[in-house]
Every structure is written in structure tokens, then in C-alpha cells.
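Listed here are the chains, written in short residue letters.
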Amino acid sequence: FCLTPTGIRAGYPSPHLLGHLRPAQRQRVRGRVILLLTSSSYYQLHGARAGATLTAARRVLKLSGPFHVGLNYWYLAPYGAGRAVLKVRHGVVQEIGVTYRWLTASVKQDFTFLRSFHR
């Protein structure tokens, strides 16, 4: 869903993602927001903002990826107790957000997590 007019999108775990989690993890996230994204340049993650170039984001975040899902490339980075999430298209950051670190603990989990939001 989208919290308007602030422009923050919230993502819940899909059945596909829940199927890849252990039972205890599944119970922990079922029905809870696991991803927050915004395209507002008001918000930042260590200086990385929506509208910035990928090069600028690389200067301030230790990015892993890219993960190509749909029309976008997604990048993840350490961010406190969680992970920063960047949606990039044509070298420009479209959206920034945060998620749980334990949901994205390996490259395989990263791709499964990001792909679970694509329809």
C-alpha cells in the first residue's frame, strides 16, 4: 500500500517469499511490513536520495548487486541494523528504502526477496 500524500510505499511478504522462509521466520513477518520505499527526495540514506545518480549513491553506500528485476536494477547496502534498498533505472536512483537485514543475508536471499515484489 502507499501512504499518501507522503509517498511512502510499504511492502508485505508475498506467498512466494513466505514459502522460502523457515517456519519461525514466516511467523515473524506474516502480515507485517518488511519493505518501505519512497521516491521523495526529502528522505535520504547516508546522503543517497531518490533522483541522485547511481555513482553518487555508490560514494556514500557500500552497494551490493545489481539485481535485475523487471525494468529496474536493485541494490542493497548495510544500513544500521537493517539494509538499504535502492531501485535504479538508467543510472538514476528512482526509490530508496529499508528492509530487515536477516531477510537479505545472502545473494540468493537478496534475489528471492527482491523478485517477490515483482509482478
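This structure is a prediction, so every number in the text was calculated from the model and none was measured.

A. Examining the side chain of Arg83 more closely. When you line up the elements, Arg83 lands in strand β6 (residues 82-89). The buried category is assigned to Arg83, whose relative accessible area is 10%. Polar contacts involving the side chain of Arg83 include one to the main-chain carbonyl oxygen of Thr104, which spans 2.4 Å. When near neighbours in sequence (up to four residues on either side) are disregarded, Arg83 contacts Ser64, Leu76, Ala77, Pro78, Gly97, Val98, Thr99, Tyr100, Arg101, Thr104 and Asp110.

B. Representation of helix α4 (residues 107-115). Of all the residues in α4, the buried ones are Asp110, Thr112, Phe113 and Leu114. Residues of α4 that are buried make contact with α1 (15-19), β3 (35-38), β4 (64-69), β5 (72-79), β6 and β7 (92-100).

C. Local environment of the pairing of β7. Two strands pair when backbone bridges link them, and β3 and β7 are joined in this way by four bridges, in the antiparallel orientation. Each bridged residue has a counterpart across the sheet, and for Leu37 the counterpart in β7 is Gly97. Sheet analysis places β6 next to β7, joined by eight bridges and oriented antiparallel. Bridge pairing in β7 places Ala84 opposite Val98. In textbook terms, the turn of a hairpin is the stretch between consecutive antiparallel strands, and for β6 and β7 this stretch comprises two residues, one of which, His90, has a positive phi near 55 degrees.

D. Just the layout of surface pockets, in detail. Counted as a void, the largest pocket has a volume near 290 Å³. If you go around the largest pocket, you meet 16 residues; those closest to its centre are Arg9, Leu37, Trp74, Phe117 and His118. Residue assignment for the lining of the largest pocket shows that the elements contributing at least two residues are β2 (8-11), β3 and β5.

E. Up close: the nonpolar core. Ranked by internal contacts, the top residues of the largest apolar core, which has 16 residues, are Val29, Ile34, Trp74, Val85, Leu103, Phe113 and Leu114. Listed by contribution, the elements that provide at least two residues to this core are α1, β3, β4, β5 and α4. When sequence neighbours within four positions are dropped, the list of residues in contact with Leu103 reads Leu21, Ile34, Gln109 and Phe113. Among the nonpolar cores identified, the runner-up in size contains 13 residues, and Ala48, Leu63, Ala84 and Val88 belong to it.

What counts and how
- Residues numbered from 1 in each chain as written.
- Predicted model: local features only at pLDDT ≥ 70, side-chain atom pairs only at ≥ 80, totals over all residues.
- Heavy atoms only, no water.
- Helix = DSSP H or I, 4+ residues; strand = E, 2+ residues; numbered from the N terminus.
- Buried < 20%, exposed > 50% of the residue type's maximum accessible area, 1.4 Å probe, protein only.
- Polar contact = N/O pair within 3.5 Å; in protein donor to acceptor, adjacent residues only side chain to side chain.
- Contact = heavy atoms within 4.5 Å.
- Pairing = 2+ DSSP bridges.
- 1 Å grid on protein atoms, 1.4 Å probe; cavity = no way out; pocket = protein on both sides within 12 Å on 5 of 7 lines; lining within 4 Å.
- Points joined across faces, edges and corners; volume = space filled by probe spheres on them.
- Core = buried A, V, L, I, M, F, W, Y, C linked by side-chain atoms within 4.5 Å.

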